[in-house]
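Residues per chain are reported as follows:
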Amino acid sequence: MAVAERASPVRVEHHRHRRGTPALTVGVVVAVALVLCAFGAAQGVWTWVLVALAPVALALGWLGRRRLWIEDHVIDEGRVAVVRRDGSGAEIPLARVARVESGPGGVRFTRDDGAVLDFSRSPHGRRILALMEEIRPEAARAERIDPACYT
């Protein structure tokens, strides 16, 4: 019996950023709120219960900071894509990227027909601009600077 092997398309990833939820921030805020509520508790038992729950909220925020994520920002050999947890998303073929802008809100890719794809809240703006200079030198690149920034 002959077995036909199917070659799976393996893509070389140049960049991947997993955009997560602010679970650690929520954990810190809940822990502080629990401690503040403990000072206002009428009975001493509730004071100790609320103080004991504060480190639990902090630990859950710490554990959730890497496990809870919203979407992946991917640049590979053929596309720029935003892939959500359920597998849906959007992409622009790398050959059609006309402009790349980096700014305080993230990175914006503009296709040659004007369609836009955003990497929201991406902290890797300068690195992505340098990467796009290597893999797509004909695309225009710009770095947006916040006018309120004094640097």
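See above for the structure.
Now for a look at the structure at hand. Each chain carries its own residue numbering, running from 1 in the written order of its sequence. In keeping with the model being predicted, local features are shown solely for residues with a pLDDT of at least 70 and side-chain atom pairs are shown and tallied solely at 80 or more, while totals for entire chains, interfaces and linings include all residues. To get the side-chain values, take all heavy atoms of the structure and skip hydrogens and water.

### Notes on the overall build of the protein chain
Consideration 1: Helix and strand content of the protein chain: 3 helices and 8 strands.
Consideration 2: Its C-alpha atoms give the protein chain a radius of gyration of 22 Å, clearly above 15 Å, the size a compact globule of 151 residues would have.
Consideration 3: We call a residue buried when its accessible area falls under 20% of the maximum for its residue type, exposed when it is over 50%, and partly exposed in between, using a 1.4 Å probe and counting protein chains only. Looking at the protein chain as a whole, 30% of its 151 residues are labelled buried.
Consideration 4: In this analysis, two residues are considered to be in contact whenever any of their non-hydrogen atoms come within 4.5 Å of each other. Taking the contacts inside the protein chain whose residues are at least 6 apart along the sequence as the reference set, 54% of them involve residues at least 24 apart.
Consideration 5: To measure how exposed things are, a 1.4 Å probe is used in the Shrake-Rupley method; for residues, cover is taken only from the protein chains shown. In the form shown here, the protein chain has an accessible surface area of approximately 10200 Å², with 60% of it arising from carbon and sulfur atoms. Secondary structure is summarised from DSSP: a helix means a run of H or I of at least four residues, a strand means a run of E of at least two, and numbering begins at the N terminus for each. Here the radius of gyration uses the C-alpha set of atoms, whereas the globule reference equals 2.2 Å times the residue count to the power 0.38.

### Section: the pattern of salt bridges
Consideration 1: Note on definitions: salt bridges are taken to be side-chain nitrogens of Lys or Arg within 4 Å of carboxyl oxygens of Asp or Glu. In total, this model carries 13 salt bridges according to the counting rule given.
Consideration 2: Across the pair D72 and R16 runs a salt bridge, and its minimum N-O distance is 2.6 Å. Placement of the pair is D72 in strand β2 (residues 69-76) and R16 in strand β1 (residues 13-20), with a sequence separation of 56 residues.
Consideration 3: We note a salt bridge from D76 to R79, for which the minimum N-O separation is 3.0 Å.

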